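Architecture and fold: a report
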Amino acid sequence: MAPRLQLEKAAWRWVETVKPEEIRQEHVELAYRVNLPACKRGTCRRNCKGNPNCLVGIGEQAWLGDIDENAFHNIDDPNSERRDKNTFVGLTNLGATCYVNTFLQVWFHNLELRRSLYQCHNSRAEEHNTESEYEPQSICEHLQYLFALLQNSNRKYIDPSGLVKALGLDTGQQQDAQEFSKLFLSLLEDTLSKQKNPNLQNVIQRQFCGQFSYVTVCNECGRSSALPSRFYELELNIQGNKNLTECVTEFLKEEKLDEDNRYFCESCQTKQSATRRIRLHSIPPTLNLQLMRFVFDRQTGHKKKLNTFISFPEQLDMGPFLEGKQDQRCVYELSAVLIHRGISAYSGHYIAHVKDARTGDWYKFNDEEIEKMEGKKLQLGTEEDIAETVKSQTRKPKCSKGYHCSRNAYMLVYKVQEEENTDPSWTNVEVPAFLQRLVDQDNHKFEEWCNEMADMRKQSVDKGKAKHEEVKELYELLPARDGEPYEFIPLDWLKKWLEDSTATKEIDNALFLCSHGKLHPDKVADSKRVSLQAAQLLYERYSGGPRMDGASLCRECVGQRCRVLRLKNQLNEDYKEVTNLVKRTLSGEGYWVGKASLRSWRQLALEQLEEDEHETKHSNENYLGCLIVEFGSEFSEGNGDEMKTFNEDIVCCHGSLSILETERKLVSSEVWCKLREYFFKAPEFTQNQESCQQCLTLEQEEKDNEAVSKMMAMDQKNQLLNLFNEKNRPTLNKWPQGTDVLYIVPLFFVDEWRKFIRRPTKSSPVSNVGNTLLLCPHGGFMFTYDSLINGDGQHVALLWPSEWEVISRLFIVDQPISIHCFKETTLSGPTTQYTTQPDICWECRESFLFQQQRDLREYTQATIYIRKVIEDQRMIKEAVPELNASSSEAEEEKEEIPKVDGEKDPDFSQSEDGAKRLKLSDDSEASAAAAPVTNMIKLGGIRRSTRHRKLRGEKALIVSANQTLKELKIQIMHAFSVAPFDQNLSIDGKSLTDDSATLGSLGVIPESIVCLKADEPIADYAAMDDVYQVRMPEEGFKGTGLLGH
């Protein structure tokens, strides 16, 4: 089928030969495209919107043919959430809580711990009414309920949010897993110690607690002293070691205490060299071995992960490491391996491999997903490939039989090897009745949910099947056959009916009606012609209206459109004729026409025609709009201003002929008659029409005013020539001889006055001095003699007494301001004092200084500059590669805010010329002219137009006052590749050392220059990977329930 625009043109092609009064029914049907051939399935890639008979591609493809019933719903099978037989239950990851889930699974598989927890007294659970939701309170209650669900729940995975919330953990922040393990076991030990049952009070100690002592031997006298201690896990260094035995050996090895680290011997009563080592006395049934993968990196000041391969056995003999107590069982079997996947200490994922104590099978616990290992063997699998990086392609060492090797294991759990026990009760831990009742309640809720989901699926399938039958039945009836009754249905409604994503609403045809209450011709493209039988069925099922049948074709709209199109064709011919006539030499009487109107008269004619035929225009953009775009673009070039009425461009504000002769053109009466046919209301001006007298009078007055302004400017310039040229100006640094008084005016007044002198016809004359801008509300002066010398002088201009007399005569002075010099001779010698008139208001002066300093301490998105220096205080000539150029180069050209009094940079000397007063730039002058005088100067808020000159090796950073020094160091690290730990920062010679302090409190203000001295640059950028991932200081478990909060 032809494109929509071609179909639209073809529908109205008959208007070229048919006048409006000659229109018949066949022309109306052509306009509404009733007889266009219908498209067949497979011939159209998408629906033909220009053809009301095309019913292809409106969404019917999804319903024709056989349909899988799963297509009728988007509800997953609830049984996919059901726990499989002979498997364990997973735990939901709440965002970044995988480290919590791994330990919960490990502790759940500790049968003795689980059995003991089930024995804890829980009156809340025992007395709970199953009709309400059970809400545990204490950590024991949470862990009891969680373990019971992990054991007997019907769900595939359960939600641990109750326990996580009770602990106060941030679910979006990954924490140190090893620290979590220590703190949680400590909290659990404290909680169980308060149980009344004495067998429960020391469960944690019995399961996880061992004993060792620090033994120190004096080299001089041989005296041995021992300091006993308990441990819940052994923290083993893995750096430089290859296997677990080496790690344990290093943990127990002898340490020499000499030189500054000597030991005070009580026998010798003096410091002596000594040796110290750890002596293992007893090992708990469950031995936790922490492999210290996450260590502090001095270069970056943060933790990093060691991806060192460590081999460890399935069976561990701790006998050789024990001293005394030979009756202990020392052979341990591997029961769990905790894995961290990822190369960074601050990101990654935690999983656990745990051995089932009952069957000996190994399982991988990965949050909600649980995988059983084949053949009752531990298989670490792809976890060891995750940490491979480009720079560390360390080959995995070969492992002997009975050993495993890992670069991601961070904790190993061993259990003492028990003697053969045929009693099944040893491995069977029964859930107590009061907890099983709660589990049954949750299982009942789960089954209800499963049934509800199944019912919803069934309802969706039944509804879909019914809709399938309805569509197959009605779609065959939709096409309207030639000669049979038909109706129009909105295309969007048909698409929504076939889409069925939402409930189908009633058919609404209100927006498709013209002003005569019939189908608008422009809406044919957005509707479809269907058979009367199909329309009847659709209205019966979905209701709606008004209905649009064959009698709804609007003959009036078609007739009006016909007249419009015929006039459009005539317009093209008239346009060509007018264009030719305008080029001819004028003879006889002429008429004035605006040049802008003449350039765009055809577009104006089309718009005028559209306005006249407003009743045929629908709410949407109609065909006339297309015509304006199509034909108007040819002649609209150069018409910058939008024309609304023809010839309005030569009508002045008084309604007469404009005095601007360059904006109008004289045309012949023949051309005017042609234009008058289209714009009969346009203003008419004959060749003899005089220009507006009022405009001529105003023009003459403006010329006279300009002459007066020029004379005024010349007179004022001659009287104040030195002030205008900035010559022979008095200064306060060296009081001029011959006078004891100088006068003060705002610098803004002088700048505005100079602007008027330079361009008297373009700028307004200055009438007021405006000295009240320099005074406080009480009428006191705001600046001291010292402050005027040290920086506040940029706000004012100094005048000689002779100049002040001229100023007082030429301008209105609201309040004279002067500064006086008094020289006296005293016993100690000659002294000079300076006073102002009016006097200084010290109260307002102090308030102003306080506010000024406060503004410098409370800023956002301001620019500061970082200069990198070396020991001899010279800048590094070549900057290091930038890691983030966008942050360091931001707002390079931002204007400078005045520095506080006396601000200097001790590490860099720059030439300063204080004698010259800096001029305002052209930009600042333009902005100043646009605002009233009273609003221009705010004390302390005037900005200099000078720009900070960046030196090589210096970079600009965007900071805020509430930002900490630690965060600034992170930005500097990106810009200079210097780790925070190696940065020495200073400002004004003062070192910045408190990382937690804000920049505002440290005196870092906008445009400050911060000096950076680096201890040693980091050569390997990849070594800073962990630092990039830390933006805020680590707080660990501060504020959580693990620390008693």
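Residues numbered from 1 in each chain as written. Predicted model: local features only at pLDDT ≥ 70, side-chain atom pairs only at ≥ 80, totals over all residues. Heavy atoms only, no water.

The protein chain is annotated in an unreviewed UniProt entry as Ubiquitin carboxyl-terminal hydrolase 48 of Cyclopterus lumpus. In UniProt, the protein chain has this text filed under Catalytic activity (unreviewed entry): "Thiol-dependent hydrolysis of ester, thioester, amide, peptide and isopeptide bonds formed by the C-terminal Gly of ubiquitin (a 76-residue protein attached to proteins as an intracellular targeting signal)." (UniProt positions renumbered as here; feature names shortened; annotations may be inferred.)

1. So, the overall build of the protein chain
What the protein chain contains, in helices and strands, is 29 helices and 36 strands. Burial analysis of the protein chain (1045 residues in total) assigns 46% to the buried set. Looking at the protein chain alone, contacts between residues at least 24 apart form 76% of all its contacts between residues at least 6 apart. Counting only carbon and sulfur atoms, one obtains 47% of the accessible surface of the protein chain, whose full area is about 55,400 Å². (Helix = DSSP H or I, 4+ residues; strand = E, 2+ residues; numbered from the N terminus. Buried < 20%, exposed > 50% of the residue type's maximum accessible area, 1.4 Å probe, protein only. Contact = heavy atoms within 4.5 Å. Areas by Shrake-Rupley, 256 points an atom, 1.4 Å probe, with all protein chains shown as cover.)

2. Quick notes on the packing of aromatic side chains
For the structure on display, the rule yields 34 aromatic pairs. Ring geometry for Y486 versus F488: centroids 5.9 Å apart, planes at 90°, classification edge-to-face. With a relative accessible area of 12%, Y486 lands in the buried category. Judged by relative accessible area, F488 falls into the buried class, the value being 0%. Taking 6.4 Å as the distance between ring centres and 85° as the angle between the ring planes, the aromatic pair formed by F783 and F848 counts as edge-to-face. Of this pair, F783 sits in the loop between α22 (747–758) and α23 (785–790) while F848 sits in helix α25 (residues 842–857), and the two are 65 residues apart along the sequence. The burial state of F783 is the same as that of F848; both residues are buried. A network of ring pairs unites the aromatic residues Y99, F103, W107, F180, F184, F294, Y350 and Y410 as a single cluster. (Phe/Tyr/Trp six-rings, centres within 6.5 Å; stacked < 30°, edge-to-face > 60°.)

3. Digging into the nonpolar core
Grouped together as the largest cluster of nonpolar side chains are 66 residues, with contacts concentrated most on W107, L117, L167, F180, F184, L188 and L338. When residues of this core are assigned to their parent elements, the largest contribution, nine residues, is made by helix α6 (residues 139–152). In this structure, F231, C247, L252 and Y332 belong to the second largest nonpolar core, which totals 38 residues. (Core = buried A, V, L, I, M, F, W, Y, C linked by side-chain atoms within 4.5 Å.)

4. Considerations on the confidence of the model for the protein chain
Looking at the protein chain as a whole, its pLDDT mean stands at 79, while 82% of the residues score no less than 70. In this model residues 617–641 is a low-confidence stretch, pLDDT under 50, and it forms 44 contacts with partners more than four residues away in sequence or in other chains. Overall, residues 872–946 carries pLDDT values under 50, and its contacts beyond four positions in sequence, including any with other chains, amount to 134 contacts. (pLDDT = per-residue confidence, 0-100.)

5. Notes on the sheet that holds strand β30 (residues 818–826)
The antiparallel open sheet is built from four strands, whose spatial order is β29-β28-β30-β31. The open sheet has two edge strands, β29 (796–799) and β31 (829–837), and neither has a second partner. Between one strand axis and the next, the sheet turns by 30° as a mean value, whatever way the strands run. Of the pairings in the sheet, the one linking strand β28 (residues 741–746) to β30 comprises three bridges and is antiparallel in character. (Pairing = 2+ DSSP bridges. Axes fitted to C-alpha atoms, helices over the stretch in contact; angles between N-to-C directions.)

6. Regarding the pattern of salt bridges
Under the defined criterion, the tally for this structure stands at 28 salt bridges. A salt bridge links E112 to R115, with the nearest nitrogen and oxygen atoms 3.3 Å apart. One end of the pair, E112, and the other, R115, are both in helix α4 (residues 111–118), three residues apart, so they sit about a helical turn from each other. Taking the relative accessible area as the measure of exposure, E112 reaches 31% and is therefore partly exposed. Given the relative accessible area of 22%, R115 is considered partly exposed. Between E333 and K355 there is a salt bridge whose closest N-O contact spans 3.9 Å. (Salt bridge = Lys/Arg side-chain N within 4 Å of Asp/Glu carboxyl O.)

7. Things to note about the pairing of strand β18 (residues 369–372)
Two strands pair when backbone bridges link them, and strand β17 (residues 362–366) and β18 are joined in this way by four bridges, in the antiparallel orientation. Bridge pairing in β18 places N366 opposite E369. Adjacent in sequence and paired antiparallel, β17 and β18 are bridged by two residues, among which D367 carries a positive phi angle near 55°.

8. Quick look at the side chain of S153
Relative to the elements of secondary structure, S153 occurs in the loop between α6 and β2 (157–158). A residue is classified by how much of its surface remains accessible, and S153, at 1% relative accessible area, is buried. If we skip the residues at most four places from it in the chain, S153 touches R83, V89, A148, I158, V439, D442 and N443.

9. A short note on the environment of S996
Tracing the backbone through its elements, the reader meets S996 in the loop between β35 (990–992) and β36 (1009–1014). A residue is classified by how much of its surface remains accessible, and S996, at 57% relative accessible area, is exposed. S996 sits 29 residues away from E967 along the chain, and the two C-alpha atoms are 8.9 Å apart. A distance of 2.8 Å separates a polar atom in the side chain of S996 from a polar atom in the side chain of D994. (Polar contact = N/O pair within 3.5 Å; in protein donor to acceptor, adjacent residues only side chain to side chain.)

10. Focus: α4
Most of α4 is tucked away: six of the eight residues are buried. Within α4, the full set of buried residues consists of L111, L113, R114, S116, L117 and Y118.

11. Digging into the packing of helix α20 (residues 693–719) against α22
In helix packing, the relevant descriptors are the interaxial angle and the interaxial distance, both defined with respect to the helix axes. The N-to-C vectors of α20 and α22 enclose an angle of 125°; their axes lie 8 Å apart at closest approach. Judged on the interaxial angle alone, α22 and α20 are oblique. Once α20 is placed against α22, the crossing between them reads as left-handed. Of the residues in α22, those in contact with S709, M712, A713, Q716 and K717 of α20 are W753, F756 and I757. Here the residues of the contact of α20 with α22 are counted per class, giving five nonpolar, two polar and one charged. (Parallel < 35°, antiparallel > 145°, perpendicular 65-115°, else oblique. Left-handed = near helix turned anticlockwise from the far one by under 90°. Nonpolar A, V, L, I, M, F, W, Y, C, P; charged D, E, K, R; others polar.)

12. Overview of the sheet that holds strand β21 (residues 486–490)
Across the sheet, three strands lie side by side as β23-β21-β25; this open sheet has antiparallel pairing. Only two strands of the sheet have a single partner each, and these edge strands are β23 (527–531) and β25 (548–549). Summarising the sheet, β21 and β25 pair through two bridges and their orientation is antiparallel. When the sheet's bridge partners are listed, F488 is paired in β25 with M548.

13. Remarks on the side chain of S552
Residue position: S552 is located in the loop between β25 and α15 (555–583). Taking relative accessible area as the criterion, S552 reaches 11% and is therefore assigned buried.

14. Some details on the packing of α6 against helix α8 (residues 177–192)
Close contact between α6 and α8 brings their axes to 9 Å; oriented N to C, the two are set at 105°. Classified by the angle their axes make, α6 and α8 are roughly perpendicular. Here I139, C140 and L143 of α6 come into contact with α8, specifically with F184, L187, L188, T191 and L192. Residue classes in the contact of α6 with α8 are distributed as seven nonpolar, one polar and no charged.

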